[in-house]
Amino acid sequence: MITGKIRQSYINKDLRFNSGYFLNEDAVHSRILEENSSKCTTLDNLAEVFNPPIFKRQFCKNSESAIPYCQSSDVPNAFEGSDIYINKVQATKVGSVVKENQILVTGFGTIGNTRLVNELSQGISYANNACRIEAKDEIKYGYLYALMSSKYGRSQLNKNASGSVVRYIEAPGIKKTLIPVISANRQKEIHDLIVKASKIRVEANILLRDAQSELKMKAALPDLKNSEYEFFGNRGEGREISVFKRNSSEISATTINAFNYSKRIEQVENRIKKGNHLSLTNCLDDDQFFSTGSFKRVEIVSPKAIKLLNQSDIFNLKKEGKMLARKHVKSDKLVEYGEVLIAGVGTLGEGETFCRAIFANEELKGQLVAGEFIRMKTNGKVPSGYLFSWLSSDYGFRLIRKTQSGTKLCRPIQDLLRNIPVPILNKEDMNQIDSQVKKSHSMMYNALCLENKAIDTLEKEIESWQK
């Protein structure tokens, strides 16, 4: 139960008597700034805040005339870029292309997710319901990002949002966000931490991409073309319909799904098998594929609680999850550093996380993940970072997708998953790629710690006003 005292002036102002309106978390956080409005200014005094117009998206394949497209639900994603493309001219014309150092804020569905656009994500088109915040020349954008990412920024957005079933807020409402005016030195300290975190993330993403490129180059594997695999995407000009025949002797009792017998993917597999390779099952320890399993879930608010991450959380930059009682969770179910996980349930949309791989770094170590993940640990033949690099590449992703079964919600067929070929390089090269992968994930964790430090510094500054 939440209890508290409310000034009569608030009741008179809002003409509300229900306690839930005044005592929910968003209202409480927002009220701290409202009561100290003399120490604040509004966001529109510090930045240009706008939403591009609604536009009809013309989806297309990756080409010189296309540009990556992200929905507002992609704003919190940990990875850069998108596998979905729209017409470049159209995106540029409506002003949906984001620029470096802009702050993106989701204003539809889940309100208040943020993203600082860096040199890798600039030039991507984002949906119109992701609001853009562009700091004025003399304003430190890192400080604005920290505030909008803090509980005080997010609470203000949610408090001012409209709608019941699906809530939303756009630029006119976001402009009203109160921004604390604190000392210039403290603003610079917070800004510098955010900028440093952003630069580290860029370096980490580049290192990860270089590791994948190195792997494919050493294995003599060119980048995959979309004509070399089956996928459920846009029907564009020049895209041939996939038709093939299989003899009845080639159909096993495991599956009759045509997607699992793709001749295009068979050619890709044969290309990999020309070199030194092992099947995935021979790269794993005795546990092979395993999952967290089922357990009783009791949500609590306690410092002793353990965080549960599902597929909608684990690919986010900030993994919020749900806090559960430890009593019903065995320690052997917790993630260990170096595990490779695959998102094991979902749909076949190109922008979906289904079948994408995750590397368990310092942030995931000791955490609890949902039972839908397919988890694995490597043996001495292949380092875990190297295996992740392969499974998260264009080859690995398409090979995993080829094993799917289901209609609305799909899952990999593990008997088929075991046979995915993994190219084997000399030990020195695999260890080098493994080292790059682990270094990049440690850098991402360090960047997250710096960002959290900046936000925590700002939140403590605001909380000091109440003392």
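Heads up: these notes are all about the structure in this document. (Residues numbered from 1 in each chain as written. Predicted model: local features only at pLDDT ≥ 70, side-chain atom pairs only at ≥ 80, totals over all residues. Heavy atoms only, no water.)

## Section: the overall build of the protein chain
The number of helices and strands found in the protein chain is 14 helices and 20 strands. For the protein chain, whose C-alpha radius of gyration is 24 Å, the value lies close to the compact-globule estimate of 23 Å for 467 residues. Projected onto the principal axes, the alpha-carbon positions of the protein chain cover approximately 80 × 55 × 40 Å. Approximately 23,700 Å² of the protein chain is accessible, and the part contributed by carbon and sulfur atoms is 48%. (Helix = DSSP H or I, 4+ residues; strand = E, 2+ residues; numbered from the N terminus. Rg over C-alpha atoms; globule rule 2.2 N^0.38 Å. Areas by Shrake-Rupley, 256 points an atom, 1.4 Å probe, with all protein chains shown as cover.)

## Some details on empty space enclosed by the protein
Summed over the entire model, instances satisfying the criterion amount to 3 cavities of 30 Å³ or more. Each pocket or cavity is described by its volume, and for the largest cavity that value is around 120 Å³. Lining the largest cavity are 13 residues, and of these Arg 115, Leu 116, Asn 118, Arg 201 and Leu 317 sit closest to its centre. At the level of elements, β7 (114-116) and α8 (184-218) are the ones that each hand at least two residues to the lining of the largest cavity. Here the residues of the lining of the largest cavity sort into 6 nonpolar, 3 polar and 4 charged. The calculated volume of the second largest cavity comes to roughly 50 Å³. (1 Å grid on protein atoms, 1.4 Å probe; cavity = no way out; pocket = protein on both sides within 12 Å on 5 of 7 lines; lining within 4 Å. Points joined across faces, edges and corners; volume = space filled by probe spheres on them. Nonpolar A, V, L, I, M, F, W, Y, C, P; charged D, E, K, R; others polar.)

## A closer look at the layout of surface pockets
When its volume is computed, the second largest pocket comes out at roughly 220 Å³. Forming the boundary of the second largest pocket are 14 residues, of which Ile 54, Phe 108, Ala 127, Asn 128 and Asn 129 lie nearest the centre. Residues belonging to the lining of the second largest pocket are distributed by class as follows: 7 nonpolar, 5 polar and 2 charged.

## Observations concerning helix α9 (residues 263-273)
Among the residues of α9, Ile 265, Val 268, Glu 269 and Ile 272 are the ones counted as buried. What you see down the axis of α9 is that its buried residues fit within an arc of 100 degrees, all on one side. (Buried < 20%, exposed > 50% of the residue type's maximum accessible area, 1.4 Å probe, protein only. Arc of directions from axis to C-beta.)

## Points about the pairing of strand β12 (residues 306-309)
Relative to strand β13 (residues 322-324), β12 runs antiparallel, the two being bridged by 3 bridges. Along β13, the bridge assignment pairs Lys 307 with Met 323. Note: β12 against strand β16 (residues 368-369), 2 bridges, orientation parallel. By the bridge assignment for β16, Leu 309 is matched with Val 369. (Pairing = 2+ DSSP bridges.)

## Focus on the side chain of Arg 115
Structurally, the position occupied by Arg 115 is in strand β7. Accessibility expressed as a relative area gives 6% for Arg 115, which makes it buried. Among the polar contacts made by the side chain of Arg 115, one reaches the main-chain carbonyl oxygen of Asn 77 at a distance of 2.6 Å. Each residue touching Arg 115, except ones within four places of it in the same chain, is listed here: Asp 74, Val 75, Pro 76, Asn 77, Phe 79, Glu 80, Gln 102, Ile 103, Leu 104, Tyr 126 and Tyr 145. (Polar contact = N/O pair within 3.5 Å; in protein donor to acceptor, adjacent residues only side chain to side chain. Contact = heavy atoms within 4.5 Å.)

## Details of the pattern of salt bridges
Applying the stated rule across the entire model yields 26 salt bridges. Glu 214 is paired through a salt bridge with Lys 218; the nearest N and O atoms lie 3.8 Å apart. In this pair, Glu 214 and Lys 218 both sit in helix α8, 4 residues apart, roughly one turn of the helix. Of the residues examined, Lys 218 reaches a relative accessible area of 38% and is grouped as partly exposed. Among the ionic pairs, Asp 429 bridges to Lys 218, the shortest N-O distance being 4.0 Å. One end of the pair, Asp 429, is in helix α14 (residues 427-463); the other, Lys 218, is in helix α8, with 211 residues separating them in the sequence. (Salt bridge = Lys/Arg side-chain N within 4 Å of Asp/Glu carboxyl O.)

## Some thoughts on the sheet that holds strand β3 (residues 59-60)
Pairing is mixed in the open sheet, where 4 strands are placed in the order β3-β5-β4-β8. Looking at strand neighbours, the two that pair on one side only are β3 and β8 (125-126), the edges of this open sheet.

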